[in-house]
Amino acid sequence: MGDILVLVEHRQGEIREITHQMLWKANELSKENGSKTVALLLGGDDGDIAIDELKERADRIILFKDKSLEQFDGSLYKEIIYRCLNELNPFLILIGQTPWGMDVAPALAIKSNLPMASDCVDIIIEDNKPKAIRQIYNGKIFSRVSFKDANTYIITIRPGSFPTDIYDSRNAEVEIKDLYPDLPPSKKQFIGYEEAGAGEVDISQAELLVSIGRGIGEQDNIPVVQELAQKMGGMISCSRPIVDKKWMPKYHQVGTSGKSVKPKVYLALGISGAFQHVAGITGAGTVIAVNKDPKAPIFRVADYGVVDDLFKIVNALKEKLS
Ligand SMILES: Cc1cc2nc3c(=O)[nH]c(=O)nc-3n(C[C@H](O)[C@H](O)[C@H](O)COP(=O)(O)OP(=O)(O)OC[C@H]3O[C@@H](n4cnc5c(N)ncnc54)[C@H](O)[C@@H]3O)c2cc1C
């Protein structure tokens, strides 16, 4: 089996968690199949990116350093990855199912005419071919995707599918590559970063979050939970529908289009556990879920689960605390 190439995702000098998750899976697969994990890093020329944290997680790091690569640019990145694929001929290339991946991966698949599966939560290798595991019907069913025969397979990975830990310690050499001189000029211009949902409270710093979802029913029910959060010394957060309904400001939203949070305790009340929400709590300590539906996907990630009406639990907790 050929090598597994992982596209390193970074922002403002920081390597994103999705990179560590993909490297974890790449290392698991490469160990099982006797191949190597190669991290492909397209970054700026100021040496700002914390490359050392990649060394233990890959066998080889290929680094392109150029001012034009400092900010993500889908068409430019696609051109470089395409040329790397031709040179390296990897068995797999893993890219995050993130705004980066959603831009670059399909374009790469078209340009290279290679098969691609998007938004995968696991990969298995059978008879020297990958099979991608994807969730369908809002996470209720797992499907197995087979590919047409190819030398290289493109797979995008859903954030939160694998741990961020080091799988087994490696010691990658860094190879610095010169940028191809004949790349087409970029058609994009980077303007600046704006923090999503910066507001009065910063839920990403909270040690205890009491989080509400659509199960709260109506806006008038929110103060009851707010009171509980206060009594417990925590903050209130929510799922996206609560923000969409304008019941709470955006800076309370947890998930892929909200914030990633790392509380010691995350109490999810009336939240179904859609992957876009759950991806925001991969760093949480203990997850406790209250949901009327015993089949709610949130119970898959919860350490403790209560199948009941959330208001019954909220009132019982408030009573206990007073
Ligand atoms: C591009 C994109 C980005 C997204 N980003 C985010 C994001 O950042 N964050 C996010 O949260 N979502 C996000 N979503 C939406 C996501 O797909 C789900 O629709 C959303 O998370 C569902 O929210 P919910 O769990 O509150 O609601 P629902 O899925 O409607 O679940 C409500 C749950 O409450 C339970 N319930 C109802 N009444 C009670 C009761 N009285 N007591 C106990 N349980 C009860 C129900 O059983 C159900 O499980 C995104 C979607 C897209 C397409």
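Keep in mind the model is a prediction, meaning the values are calculated, not measured. Here the residue index of a chain counts from 1 through its sequence in written order. For this predicted model, a pLDDT threshold of at least 70 governs which residues receive local features, and a threshold of 80 or more governs which side-chain atom pairs are given and counted, while totals over whole chains, interfaces and linings are taken from all residues. With hydrogens and water set aside, each side-chain value is computed from the structure's full complement of heavy atoms.

Chemist: How should I be thinking about unusual backbone geometry in this particular structure?
Modeler: Most of the time, phi is negative for any residue but glycine, and the peptide bond is trans. At N113, a position not held by glycine, the phi torsion is positive, near 60°. Assignment of secondary structure puts N113 in the loop between α4 (99-112) and β7 (116-126). For the exposure calls, accessible area comes from a 1.4 Å probe over protein chains only, and a residue counts as buried if that area is under 20% of its type's maximum, exposed if over 50%, partly exposed in between. According to the relative accessible area criterion, N113 is exposed, its value standing at 58%. For D127, which is not glycine, the phi dihedral falls at a positive 50°. Within the fold, D127 resides in the loop between β7 and β8 (129-136). Numbering goes from the N terminus for both helices and strands, where a helix is a DSSP run of H or I of at least four residues and a strand is a run of E of at least two.

Chemist: Help me out: how do you make sense of the packing of aromatic side chains in this one?
Modeler: To describe a pair of aromatic rings, one takes the distance between the centres and the angle between the planes. For Phe, Tyr and Trp, where Trp contributes only its six-membered ring, two rings pair if their centres lie within 6.5 Å, and the inter-plane angle classes them as stacked under 30 degrees, edge-to-face over 60, or tilted in between. One pass over the full model with this rule turns up nine aromatic pairs. Members of the aromatic cluster, connected to one another through ring pairs, are W24, F162 and Y167. Ring-over charges, as used throughout, are those where CZ of Arg or NZ of Lys falls within 6 Å of the ring centre and within 35 degrees of the ring normal. One Lys or Arg, K111, reaches over the ring of Y82 and ends 4.9 Å from the middle of that ring. We note R158 situated over the ring of F275; from NZ or CZ to the ring centre the distance is 3.4 Å.

Chemist: Sorry if this is basic, but what is going on with empty space enclosed by the protein here?
Modeler: Gaps between atoms show up when a probe of the same size as a water molecule is rolled over them. Using a grid of 1 Å spacing that covers the protein atoms alone, one calls a set of points a cavity when a 1.4 Å probe fits there but cannot get out, and a pocket when the set is open and has protein on both sides within 12 Å along at least five of seven lines; lining residues are those with an atom within 4 Å of a point. Grid points are joined across faces, edges and corners, and a volume is the space filled by probe spheres set on the points. Applying the stated criterion across every chain, the model contains one cavity of 30 Å³ or more. Taken as a whole, the largest cavity holds about 40 Å³ of empty space. Under the grouping applied here, Gly and all other residues not named as nonpolar or charged are polar, the nonpolar ones being Ala, Val, Leu, Ile, Met, Phe, Trp, Tyr, Cys and Pro and the charged ones Asp, Glu, Lys and Arg. Of the residues assigned to the lining of the largest cavity, the class counts are three nonpolar, four polar and two charged.

Chemist: Whenever I open this one, the layout of surface pockets confuses me. Can you help?
Modeler: By volume, the largest pocket amounts to about 1,800 Å³. If you go around the largest pocket, you meet 49 residues; those closest to its centre are E9, R11, R16, P99 and Y193. When contributions to the lining of the largest pocket are tallied by element, the ones reaching two or more residues are β2 (10-11), β3 (14-15), α1 (17-33), α4 and α7 (275-278). Counting residues per element, the lining of the largest pocket draws most heavily on α4, which supplies four residues. Of the residues that constitute the lining of the largest pocket, the class distribution is 14 nonpolar, 19 polar and 16 charged. The split into domains, and so the bounds of each, comes from an automatic or database assignment of domains. If you count residues domain by domain, the lining of the largest pocket takes at least three from each of domain 1 (4-177) and domain 2 (203-321). Lining the second largest pocket are 25 residues, and of these Q135, G160, F275, V278 and V301 sit closest to its centre.

Chemist: Would you mind going over helix α3 (residues 74-88) with me for this structure?
Modeler: In an α-helix, one turn spans 3.6 residues, which is why side chains three or four residues apart end up on the same side. The first and last C-alpha atoms of α3 sit 20 Å apart over 15 residues, in line with the 21 Å expected at 1.5 Å per residue. Listed as buried for α3 are G74, L76, Y77, K78, E79, I80, I81, R83, C84 and L85. Here the buried face of α3 lies against β1 (4-7), β2, β4 (37-43), β5 (60-65), β6 (92-96) and α4. Looking at the residues trailing α3, positive phi occurs at N89, about 50°. What a helix should span is 1.5 Å times the count of its residues minus one. Whether two residues touch is decided by their heavy atoms; if any such pair falls within 4.5 Å, the residues are in contact.

Chemist: Sorry, what's going on with helix α5 (residues 222-231) here?
Modeler: Buried within α5 are the following residues: I222, V225, L228 and A229. Relative to the axis of α5, the buried residues are bounded by an arc of 120° and lie together on one face. Next to the buried residues of α5 lie β12 (208-212), β13 (235-238), α6 (240-244), β14 (265-269) and α9 (310-321). Phi for G233, located one or two positions after α5, is positive at around 75°. Summarising the geometry, the arc corresponds to the directions from the helix axis toward the C-beta atoms.

Chemist: Could you clarify how one ought to interpret the domain arrangement of the protein chain in this entry?
Modeler: Where interface size is quoted, it is often the accessible area lost as the parts come together. By the assigned domains, the protein chain splits into domain 1 (4-177) and domain 2 (203-321). Taking only C-alpha atoms, the centre of domain 1 and the centre of domain 2 are 32 Å apart. Tallying the contact residues gives 11 residues for domain 1 and seven residues for domain 2. Both faces combined, the contact of domain 1 with domain 2 buries some 650 Å², and carbon together with sulfur accounts for 52% of it. Salt bridge criterion: a side-chain nitrogen from Lys or Arg within 4 Å of a carboxyl oxygen from Asp or Glu. In this structure, the connection of domain 1 to domain 2 is made through one salt bridge. In this structure, K262 engages E17 in a salt bridge whose closest nitrogen and oxygen atoms are separated by 3.4 Å. For the purposes of these results, a polar contact is taken to be a pair of N or O atoms within 3.5 Å, where, inside protein, one atom must be able to donate a hydrogen and its partner to accept one; residues adjacent in sequence count only when each atom of the pair is a side-chain atom. Our count for the contact surface shared by domain 1 and domain 2 stands at one residue pair in polar contact (both at pLDDT 80 or more). Tallied by class, the residues present in the side of domain 1 that touches domain 2 amount to two nonpolar, five polar and four charged. The term buried area means the drop in 1.4 Å probe accessible area that two parts suffer when joined, counted for both and summed.

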